[in-house]
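# Structure at a glance
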Amino acid sequence: MKELWTKANAFSWATGQNAWIYWDAANYFKAFIEACSNATHEIFITGWDIHSETNLAPDWEGTWVPRRWSLNHFLLDLLKSKPDLHIYLLCWDYAPIYLLEREKLQALRFGWFSHPRMHFKMDAAHPVGASQHQKFVVVDQSIAFLGGLDLTIRRWDTCDHFARHTLRVDPQGQPYGPYHDMQIGFNGTMAQHMAALFCERWKRATGETLSSQPVEQNFTPQMLPGVYAFEDVSIALSQTMPPFRDLAPRFEIAQLYTDALEAARHHIVLENQYLTSRHIVEILSGVLQREGGPEVVIILPELAGGWLEQKTMGLLQGQALYTLRQADAYNRLQVFYPAHRELEKSRRYITVHSKVMVVDSQIISVGSANLNNRSMGFDSEVNASLYVKKPCYGFTAHLLSHHTEVDATAIESHLESGGSIRDAIRILNDGSAKRFLHAFPIQATGPMLLDAELVDAEKPSVLEEGMDRWSQMMQILARRLGLSSPTVMFGVGFILLGIFLFALYMISRKSPIDHYRLMAFFRGAGGDSWQRHALIPLTFAIGGLLFVPINIMILATAAFLPISQALVHILFGIVMNVTTSYFVGHTAGRYFFRRFFGAKVRNILRRVGNGHFLTLVALRIVPVAPNSLINLTAGVGHVPFFRFLAATLVGMAPGLLLLVVFQKSLFKVLEKPELVSILLLVALIVFGLLLAQWSLRRFSHYGRS
């Protein structure tokens, strides 16, 4: 096999490089500690998630102080002992669905309350609905690590993946199951290119320019059983970067998989968290239908996360595997999940989070990209791929034997002598072993719970593109006015307040308004009926155009009316809010978009979004943008109005009811703090928290990375 790198599948490559691949976090975290301990100038860290209390080395006990190895404490120790060192952390500015499971006050823990040379920023420079999924570290621009592992909690595990491990607990002491992942490290020229990528992302996210020179660091990792070293190899770096404003898209990872899989002659081994990508399934189907083609082995987790993920990504994956089985004309496909007999008894499983591809034991790719549609075109990803001139059967043997109890050397000898992957797996699967590779059940799947384009989108939807354009237009307006975005938002608030006060003045010109008259007016004891019934929906309509949070308007309405009346008025208010914003977007949105963004956006706006009903409901349950922005963009995208309105009412109903009841309970406690009213409020809060916790368990695994 020849070297495959081209400008279409890599943004940088070099020959004569050294690299190390780490199995599981216990090995990678120690390499991270070692590299950072030798840092002198700067450490760059970026990830999908970063947690200050991540225990980097729970197995280093005895004379060591365990707290020393928490991420934040370790980094602070470095800063205190190295006066020239700066540490930069760039974390994805995550979607609301992850709010309850992410570390609270991250910016304070890593920023204001830590050290002046600790620089922490959140990265939201990506399309609405996408994520910054790259996970890499660069030390002094001389050593880099990348892969599937974030520096966060519930990742640490050893290569043994014991069913139970006393050290495998989160900061609250809660145990979690076996967790498998892989990371690659390298130095020299390619580390400098990763540093340049970080600086580019930092500037997009913060507007700040970072500049420094690489510092030579002689890094030779400890050669532990879970570390595999490569010398004098070719390394290529590939990205997925979705189109975002003026940023050109990059789909190098998708092209890399295409080129590598189509070039395979003997075997393909894929280990990944997901397999749902239409593109990858199409390429693999062609490979399996080719006479004399390679063996294909795929290792996946037994289950796809939580309940919702199993009903969405799990079903998509089932469809993909069924398609591959139908295409397997020569019986060369094998699909497995790592099994542990002790885990089977308790109905638990090993989480497979790695993203690895091996082709003919010469192309080895490790990175952050899942084999799903999002990673091929929507989320930001980065992979490092090796090309070795002579097949490295040792690495392939280690990859296959990792989840078994058979020594890799026997498999390496088998492969070197020309043995097949199928026979190698027969050797690995000793019937008496506790750990083995279990055949993955493949069968036709049922209907999807949600629209596939929502759960595994390959590109932004019309709604998401429109949201981003409206957001950009507000930023452009702020710049043209010479004001900051918060100043513009405060100005909008004052305008809304003025309109509301003017409306009250017009209603009450005949007599002054006092607190009791105002309450009587809203409750129906005074004032003209049409005025009372029109004011609230009118306020919702105007508030929607001025981007006033709809929850504030809901709470304000509930403050003046009994629950039954409040719910009716709020319902009509929501209808007016949606209708007004939708039709403004529908009629004027295209004009404003053309005015601000030109021909490029006109091409986007010519696409009409059909808007799957459950997709729209999910957008309301888990909002990815302000309510007004969703309404306006639905109009711009020509989503069918009545379907959009119905989905809005269905999606907002649970939260609306909870908000109104909570507000009433709170006011009752404030007005008359009796034991019964206090207990009712406490019960409501507890119920809300339990409901949120249940929702987290059920739904937050969707899209977990």
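The structure we're discussing is the one just above.
Residues numbered from 1 in each chain as written. Predicted model: local features only at pLDDT ≥ 70, side-chain atom pairs only at ≥ 80, totals over all residues. Heavy atoms only, no water.

## Side note on the pattern of salt bridges
If you walk through the whole model with that rule in mind, you get 11 salt bridges. A salt bridge links Arg 250 to Glu 252, with the shortest nitrogen-to-oxygen separation between them at 2.8 Å. Overall, Arg 250 belongs to the partly exposed group, its relative accessible area being 32%. On the accessibility criterion, Glu 252 (5% relative accessible area) is buried. Among the salt bridges present, the one from Lys 434 reaches Glu 342, with a minimum N-O distance of 3.0 Å. A residue pair is termed long-range when its members are at least 10 positions apart, and Lys 434 in the loop between α13 (421-428) and β18 (435-439) and Glu 342 in helix α9 (residues 341-345) qualify at 92 residues. (Salt bridge = Lys/Arg side-chain N within 4 Å of Asp/Glu carboxyl O. Buried < 20%, exposed > 50% of the residue type's maximum accessible area, 1.4 Å probe, protein only. Helix = DSSP H or I, 4+ residues; strand = E, 2+ residues; numbered from the N terminus.)

## Observations regarding the packing of helix α11 (residues 393-401) against helix α12 (residues 408-416)
Any two packed helices are characterised by the angle at which their axes cross and by the distance between the axes. Axis separation between α11 and α12 bottoms out at 8 Å; the angle between their running directions is 130°. Here α12 runs oblique to α11, going by the angle between their axes. Note that α11 runs across α12; the crossing there is right-handed. Contacts between α11 and α12 involve Tyr 393, Gly 394, Thr 396, Ala 397, His 398 and Ser 401 from the first element and Ala 408, Ile 411, Glu 412, Leu 415 and Glu 416 from the second. For the contact of α11 with α12, the class distribution of residues is 5 nonpolar, 4 polar and 2 charged. (Axes fitted to C-alpha atoms, helices over the stretch in contact; angles between N-to-C directions. Parallel < 35°, antiparallel > 145°, perpendicular 65-115°, else oblique. Left-handed = near helix turned anticlockwise from the far one by under 90°. Contact = heavy atoms within 4.5 Å. Nonpolar A, V, L, I, M, F, W, Y, C, P; charged D, E, K, R; others polar.)

## Observations concerning the packing of aromatic side chains
Each aromatic ring pair is characterised by the separation of its centres together with the angle its planes make. For the structure shown, the criterion picks out 22 aromatic pairs. When the ring of Phe 136 is compared with that of Phe 198, the centres are 6.3 Å apart and the planes differ by 85°; the resulting orientation is edge-to-face. Of the two residues, Phe 136 is situated in strand β5 (residues 136-139) and Phe 198 in helix α4 (residues 189-206); the sequence distance between them amounts to 62 residues. Classification of Phe 136 by relative accessible area gives buried; the value is 1%. Take Phe 198: its relative accessible area is 0%, and that puts it in the buried class. An aromatic cluster of at least three residues, connected via ring pairs, comprises Phe 44, Tyr 88, Phe 136, Phe 198 and Trp 202. (Phe/Tyr/Trp six-rings, centres within 6.5 Å; stacked < 30°, edge-to-face > 60°.)

## Re the packing of helix α5 (residues 252-263) against helix α6 (residues 278-289)
Between α5 and α6, the shortest axis-to-axis distance is 10 Å and the interhelical angle comes to 10°. Relative to α6, the element α5 is oriented roughly parallel. Here α5 contributes Ala 254, Tyr 257, Thr 258, Leu 261 and Glu 262 to the contact with α6, which in turn contributes His 279, Ile 280, Ile 283, Leu 284 and Val 287.

Interpretation in functional terms is not warranted from these geometric data alone.
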